[in-house]
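# Architecture and fold: a report
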Amino acid sequence: MAFSTTMLAWGVLEFGKAMGPDLPHALEAVRWATDYFLKATAIPGVVCAQVGDPYLDHYGWERPEAMDTPRTTYAVNKTNPGSEENCQTWHYKIILK
């Protein structure tokens, strides 16, 4: 998600003037993603990387409201490292401060 947000933000910077009426939608998408990154790093020293089991969640095609699978949270911290997730997410936290 960090890569996609970076590419979208870069596209807005480079081509925002040519986006016309779609510019507010692009800015809204960038804002939503950066807000998500800030919320995912609200606890010092922890990055919330994922919620839910990726295999169970993609096995069933149903509305999120109807899902009854466990909503396990996967976090990156000192005891559960994840350098790529950590670096990309903290990149946004530093930029947005």
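Let us look at the structure shown here. By convention here, each chain's residues receive numbers from 1 onward along its written sequence. For this predicted model, a pLDDT threshold of at least 70 governs which residues receive local features, and a threshold of 80 or more governs which side-chain atom pairs are given and counted, while totals over whole chains, interfaces and linings are taken from all residues. Side-chain metrics rest on all non-hydrogen atoms present in the structure, leaving aside hydrogens and water.

### With respect to the overall build of the protein chain
What counts here: Only DSSP runs of H or I with at least four residues qualify as helices, and only runs of E with at least two residues qualify as strands; both kinds are numbered from the N terminus onward. Working definition: with a 1.4 Å probe on protein chains only, accessible area under 20% of the residue-type maximum means buried, over 50% means exposed, and in between means partly exposed. Any two residues whose heavy atoms approach within 4.5 Å at even a single point are treated as in contact. Computed by Shrake-Rupley with a 1.4 Å probe, the accessible areas treat only the displayed protein chains as cover when residues are assessed.
When helices and strands are counted, the protein chain shows 4 helices and 2 strands. Looking at the protein chain as a whole, 22% of its 97 residues qualify as buried. Contacts spanning at least 24 positions in sequence make up 55% of the contacts within the protein chain whose residues lie at least 6 apart. With the model as given, the accessible surface of the protein chain reaches about 7,600 Å², and the carbon-plus-sulfur share is 63%.

### What about the pattern of salt bridges?
What counts, and what does not: Any Lys or Arg side-chain nitrogen located within 4 Å of an Asp or Glu carboxyl oxygen qualifies as a salt bridge.
Considering all chains together, one arrives at 2 salt bridges under this definition. Residue Asp35 is joined to Arg31 by a salt bridge in which the shortest nitrogen-to-oxygen separation is 3.6 Å. Pair noted here: Asp35 and Arg31 are both in helix α2 (residues 23–40), with a separation of 4 residues, about one helical turn.

### Re α2
Applicable threshold: What a helix is expected to span follows from its residue count: subtract one and scale by 1.5 Å. Working definition: the arc comes from the directions between the helix axis and the C-beta atoms, pointing outward to the latter.
Helix length check: α2 (18 residues) gives 26 Å between terminal C-alpha atoms against 26 Å at 1.5 Å per residue, within 8%. Buried within α2 are the following residues: Ala26, Val30, Ala33, Thr34, Phe37 and Ala40. The buried residues of α2 all sit within an arc of 120° when viewed along its axis, so they share a single face. Across α2 from its buried face, at more than 90 degrees, point the exposed residues Pro24, His25, Glu28, Arg31, Trp32 and Lys39.

### Considering the side chain of Thr69
For clarity, the cut-off: Think of a polar contact as two N or O atoms within 3.5 Å of one another; within protein, one of them needs to be a possible hydrogen donor and the other a possible acceptor, and neighboring residues in sequence only count if both atoms come from side chains.
If you trace the backbone, Thr69 turns up in the loop between α3 (54–59) and β2 (73–76). Residue class for Thr69 comes out buried when judged on its relative accessible area of 17%. At a separation of 3.3 Å, a polar atom in the side chain of Thr69 contacts the side chain of Arg71. Setting aside residues no more than four positions away along its own chain, Thr69 makes contact with Leu56 and Asp57.

### Description of the packing of aromatic side chains
Stated formally: Side-chain rings of Phe, Tyr and Trp, where Trp is taken by its six-membered ring, are said to pair if the distance between their centres is within 6.5 Å; with planes under 30 degrees apart they count as stacked, over 60 as edge-to-face, and otherwise as tilted.
Here the structure, examined in full by the defined rule, presents 2 aromatic pairs. Ring centres 5.8 Å apart and planes at 15° place the aromatic pair Trp32 and Tyr36 in the stacked group. Within this pair, Trp32 and its partner Tyr36 are both found in helix α2, separated by 4 residues, close to a single helical turn. Judged by relative accessible area, Tyr36 falls into the partly exposed class, the value being 34%. Members of the aromatic cluster, joined through ring pairs, are Trp32, Tyr36 and Phe37.

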